[in-house]
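# Architecture and fold: a report
Now for the letters of each chain:
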Amino acid sequence: MSERVITYAEAIREAIGQAMESDPSVFMLGEDIGVYGGAFGVSGDLYHRFGEERVRDTPISEMGIVGAAVGAALVGMKPIVEIQFSDFTAHAMDQIVNQAAKIHFMLGGELSVPMVLRAPSGSGTGAAAQHSQSLETWFAHVPGLKVVLPSSPMEAKGLLLSAIDDPNPVIVLEHKLLYKTSGHVPEEMYKTPIGVARVLREGKDLTIVATGVMVSRSLEAAAQLSQMGIEATVIDPRTLSPLDMGPINDSISQTGRVMLVQEAPKHVGFIAEIAARISEGPAIYSLTEPVKRLCGMDVPIPYAPQLEKAVVPQLPDIVSGAQDLMRGV
Amino acid sequence: MATITPLLPPAAGKVSDDKASAMAALESLLAIRFFEEAVDGMFARGLMHGTMHLSIGQEAVATGVCAALRQTDFITSTHRGHSHCIAKGADLTRMMAELLAKQTGYCRGRGGSMHIADAKTGNLGANGIVAGGIPIAAGAALAQKLKKTDNVVVSFFGDGATNEGAFHEALNLASVWDLPVIFVCENNKYGMSFSTAKSMKVERISERAAAYAMPGVTVDGNDVDAVYEATKQAVDRARAGQGPTLIECVTYRHKGHSKSDKNLYRTKEEIDFWKTKDPVGKFETLLIEKGILTKEQAEQITENVRNEIRNAITEAQAAPDSDPAELLSSVFRAVN
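Rules of the game
- Residues numbered from 1 in each chain as written.
- Chains lettered and ligands numbered in written order.
- Predicted model: local features only at pLDDT ≥ 70, side-chain atom pairs only at ≥ 80, totals over all residues.
- Heavy atoms only, no water.
- UniProt positions renumbered as here; feature names shortened; annotations may be inferred.
- Helix = DSSP H or I, 4+ residues; strand = E, 2+ residues; numbered from the N terminus.
- Contact = heavy atoms within 4.5 Å.
- Salt bridge = Lys/Arg side-chain N within 4 Å of Asp/Glu carboxyl O.
- Polar contact = N/O pair within 3.5 Å; in protein donor to acceptor, adjacent residues only side chain to side chain.
- Nonpolar A, V, L, I, M, F, W, Y, C, P; charged D, E, K, R; others polar.
- Phe/Tyr/Trp six-rings, centres within 6.5 Å; stacked < 30°, edge-to-face > 60°.
- Buried < 20%, exposed > 50% of the residue type's maximum accessible area, 1.4 Å probe, protein only.
- Lys NZ or Arg CZ within 6 Å of the ring centre and 35° of its normal.
- 1 Å grid on protein atoms, 1.4 Å probe; cavity = no way out; pocket = protein on both sides within 12 Å on 5 of 7 lines; lining within 4 Å.
- Points joined across faces, edges and corners; volume = space filled by probe spheres on them.
- Domains from an automatic or database assignment.
- Pairing = 2+ DSSP bridges.
- Axes fitted to C-alpha atoms, helices over the stretch in contact; angles between N-to-C directions.
- Parallel < 35°, antiparallel > 145°, perpendicular 65-115°, else oblique.
- Left-handed = near helix turned anticlockwise from the far one by under 90°.

Listed in UniProt under the heading Cofactor (unreviewed entry), the comment for chain B reads: "thiamine diphosphate".

Taken directly from UniProt, the Cofactor (unreviewed entry) text for chain A runs: "thiamine diphosphate".

In this numbering, the UniProt entry assigns the feature "domain: Dehydrogenase E1 component" (unreviewed entry) to residues 31–324 of chain B. Between the end C-alpha atoms of residues 31–324 of chain B the distance is 31 Å, and the span holds 43% helix and 9% strand.

Here we take up the interface of chain B and chain A. Of the residues lining the interface, 41 residues belong to chain B; the matching set on chain A comes to 42 residues. At the boundary of chain B and chain A, one finds 1 salt bridge. Here R94 of chain B makes a salt bridge to E110 of chain A, at a shortest N to O gap of 3.1 Å. Counting every contact that joins chain B to chain A gives 13 residue pairs in polar contact (both at pLDDT 80 or more). Those elements giving two or more residues to the side of chain B that touches chain A turn out to be α5 (133–147) and α6 (165–176) of chain B. Considering only residue class, the side of chain B that touches chain A consists of 23 nonpolar, 11 polar and 7 charged.

What follows covers the packing of aromatic side chains. For the structure shown, the criterion picks out 10 aromatic pairs over all chains. Ring geometry for Y8 of chain A and Y179 of chain A: centres 5.7 Å apart, planes at 65°, overall edge-to-face. With a gap of 171 residues between them, Y8 of chain A in helix α1 (residues 8–22) and Y179 of chain A in the loop between β7 (170–175) and β8 (182–184) connect regions that are remote in the sequence. Note on Y8 of chain A: relative accessible area 0%, which makes it buried. Grouped by ring-pair contacts, the aromatic residues Y8, F40, F85, F88 and Y179 of chain A constitute a single cluster. Cation over ring: R306 of chain B sits above F34 of chain B, and NZ or CZ is 4.0 Å from the ring centre.

This next bit is on the layout of surface pockets. All names here are of chain B. Computed from the structure, the largest pocket encloses a volume of approximately 390 Å³. Every residue lining the largest pocket is counted, 22 residues in all, and those nearest its centre are Q71, K88, G89, A90 and T121. Partitioning the lining of the largest pocket into residue classes produces 10 nonpolar, 5 polar and 7 charged.

The next subject is the UniProt feature "domain: Transketolase-like pyrimidine-binding" (unreviewed entry) in chain A. Mapped onto the present numbering, the UniProt feature "domain: Transketolase-like pyrimidine-binding" (unreviewed entry) falls at residues 6–181 of chain A. Secondary structure across residues 6–181 of chain A comprises 36% helix and 17% strand; the distance between its end C-alpha atoms is 8 Å.

Before going further, it helps to examine empty space enclosed by the protein. Using the criterion set out here, one finds 2 cavities of 30 Å³ or more in the structure. What the largest cavity holds in volume is close to 110 Å³. For the lining of the largest cavity, the elements supplying multiple residues, two or more each, are β7, α8 (213–227) and β13 (258–265) of chain A. Ranked by the residues each element gives to the lining of the largest cavity, the list is headed by β7 of chain A, at 3 residues. Here the residues of the lining of the largest cavity are counted per class, giving 5 nonpolar, 5 polar and 3 charged. Counting only domains with at least three residues in the lining of the largest cavity, you end up with domain 1 (5–184) and domain 2 (198–327) of chain A. Roughly 60 Å³ of volume is contained in the second largest cavity. Q99, I103, M106 and L107 of chain A together with T76, L124, G125, A126, N127, G133 and I136 of chain B together form the lining of the second largest cavity.

A complete count under the given rule lists 32 salt bridges over all chains for this structure. The shortest N-O distance in the salt bridge between D165 of chain A and K191 of chain A comes to 2.7 Å. One end of the pair, D165 of chain A, is in helix α7 (residues 153–165); the other, K191 of chain A, is in the loop between β8 and β9 (198–201), and 26 residues separate them in sequence. The exposure class of D165 of chain A is partly exposed, given its relative accessible area of 41%. With a closest N to O distance of 3.8 Å, R253 of chain B and D261 of chain B form a salt bridge.

The subject of this paragraph is the side chain of R253 of chain B. Residues and elements named next belong to chain B. As for its placement among the helices and strands, R253 is situated in the loop between β5 (245–250) and α9 (268–275). Separated by 2.9 Å, the side chain of R253 and the backbone oxygen of G191 make a polar contact. A distance of 3.2 Å separates a polar side-chain atom of R253 from the backbone oxygen of M192. Leave out the neighbours within four places in its chain, and R253 touches L54, I56, Q58, R80, N188, Y190, G191, M192, D261, Y265 and R266.

So, on to the sheet that holds strand β2 (residues 153–158) of chain B. Residues and elements named next belong to chain B. If you trace the 5 strands from one edge of the open sheet to the other, you get β1-β2-β3-β5-β4, paired in parallel fashion. Every interior strand has two partners, whereas the edge strands, β1 (74–76) and β4 (216–220), have only one. Going across the sheet, the axis of each strand differs from the next one's by a mean of 20°, ignoring polarity. For β4 and β5, the ladder comprises 5 bridges, and the chain directions are parallel. Paired with V219 across the two strands is C249, which belongs to β5. Relative to β2, helix α2 (residues 59–66) is tilted by about 170°, and along the sheet it contacts β2, β3 (181–187) and β5.

Another aspect to go through is the packing of α8 of chain A against helix α12 (residues 315–327) of chain A. The geometry of a pair of packed helices is captured by two quantities: the angle between their axes and the separation between those axes. Residue and element names in this part refer to chain A. Packing of α8 against α12 brings their axes to within 9 Å, and their N-to-C directions diverge by 55°. One way to sum up the angle between α8 and α12 is to call them oblique. α8 and α12 meet at a crossing whose hand is right-handed. For the pair formed by α8 and α12, the contact residues are M214, R217, S218, E220, A221, Q224 and L225 on the first element and L315, I318, V319, A322 and Q323 on the second. Considered class by class, the residues forming the contact of α8 with α12 number 7 nonpolar, 3 polar and 2 charged.

The structure is reproduced here in structure tokens:
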């Protein structure tokens with residue numbers, strides 16, 4: 001029996017559709033998610049299936065949209081907000097950071113905000129600096145937000161269903177370059193737990209920890225490295241908050257080498273937190289080489305294709321980074 | 001637990017025409033006044049820490065508005081939120097305990113004066129961010145529409161909030177979606193120090209409603225009856241699915257913005273002038289003049305409310321201090 005294969009965007013749509021079918025308190029709101037089907041086509045036909053009340057087109061009004069989601073969540077709804085590009089969350093940061101993240105704790109625990117905020121993230125589409133950022137560190141730094149970066153169609157559906165069911169605000173950063181990628185996704189509703197890392201490949205020579213689109217890129221790199229006789233473990237944390245260090249530490253104790261790969265700029269990037277936690281724990285004593293970070297350059301994402309590619313780790317960069325680490329360079 | 005009689009609407013007409021409604025309103029005005037005078041005094045004596053924003057002089061707004069609401073209706077409130085919280089029916093002991101940083105406080109000592117919420121009475125929270133609660137109110141109203149209830153949401157905010165983007169975004173959403181929300185602006189003439197005269201060109205904040213094709217009215221915010229009547233009309237519209245209303249209540253805070261205010265931006269004459277329009281004394285006098293209450297009955301109510309505030313302080317002071325041991329486990333609600 002062949003496994004069903006669908007795209008990352010379809011997997012997200014399927015998760016939302018199934019959640020809306022099974023729970024009348026789930027609804028979507030965002031810009032152009034209705035008849036247009038979403039800027040990246042994610043909401044697709046949901047508008048026709050569930051109607052304009054539950055697949056709610058909004059004015060261009062990010063702070064208002066997120067605030068409305070917070071308010072609806074406070075009184076028992078489960079809103080799924082789509083922010084058209086993750087960069088536009090800057091408009092809504094008061095509602096995300098000062099309201100959604102803090103309400104449960106600050107107000108004493110009686111109220112909570114079961115809101116999901118989805119946003120397309122990352123570069124690679126020629127959209128330049130205001131439509132291409134990887135802003136996960138902003139959110140991961142705020143206590144009270146869960147932060148999820150699905151790296152495949154399978155993860156996208158399972159993590160989103162967990163996020164919708166979570167009684168807390170969850171930021172889901174979807175990578176634009178993954179929307180059209182395909183993979184096996186079960187048809188039934190299933191939940192991928194938030195806060196559990198996944199080991200995608202096991203190898204004895206080095207540990208690669210990667211997030212977002214860097215996960216599939218690292219797996220490709222690992223396949224090439226294997227042909228060169230280098231066997232890499234590839235780990236996807238899947239969720240940044242909460243962060244599961246267990247499999248990372250375990251793997252390092254076997255390999256003694258670790259390369260951390262992220263698209264976001266290196267300076268104060270999330271991956272530095274993983275490096276810091278490695279250095280705090282027993283894993284540091286297993287390291288035979290210093291921790292290696294492969295990150296985006298500390299520049300705004302540029303427009304020209306050759307410039308855009310140059311600022312973010314590409315497949316050859318991951319391969320050569322691993323080779324350097326093996327050579328102790 | 002220390003409580004006052006819940007506010008209730010008059011059977012018909014004005015609050016001051018109906019004995020039960022009027023007595024509850026007087027209790028509310030007095031409870032807000034005495035609660036805040038008490039915490040002001042405790043702060044001055046070093047018995048309370050942090051900061052607080054007092055609404056002394058503005059009590060008629062929360063009282064008149066909440067008299068038109070049901071317990072199942074919702075409010076969002078502001079940094080100057082004690083009055084809204086009390087008028088919506090909060091337990092005075094739990095409020096006092098919060099300000100005294102106790103475990104039994106509404107926020108278990110994590111929020112303080114600026115963040116009191118009370119799910120039981122539909123208070124979705126005071127908010128330390130100016131205008132932060134306004135989009136939240138729109139969202140809570142959207143939820144009522146989706147759930148097909150006839151509950152309404154009131155968003156309280158100050159004059160300063162109406163220069164924030166959040167105010168305009170929320171009014172637009174409420175307008176285009178015909179949401180059951182009432183936007184109540186307490187115009188006390190100043191932000192922290194910057195006056196409305198300098199911060200906006202419109203004469204009246206209610207004029208801003210025109211931009212969102214909703215009714216906008218300005219009322220005397222020191223007059224319980226005027227506030228109630230405007231709110232009643234807006235609530236009726238909202239419950240009937242006719243959308244939002246902006247109500248501007250013109251009022252004045254007798255005290256400074258917060259505890260650091262030296263009143264450099266306004267004159268003693270102006271403050272004294274507004275004290276002659278004190279909403280609490282004014283309402284009490286009105287009830288006695290109309291024969292709704294005798295002077296003795298009014299004195300009895302005053303004494304009862306003073307006792308409730310004293311009880312709240314005594315009970316709150318006896319409660320355990322808030323507990324650091326539960327901090328890390330309180331950031332998220334547990335996943336089922």
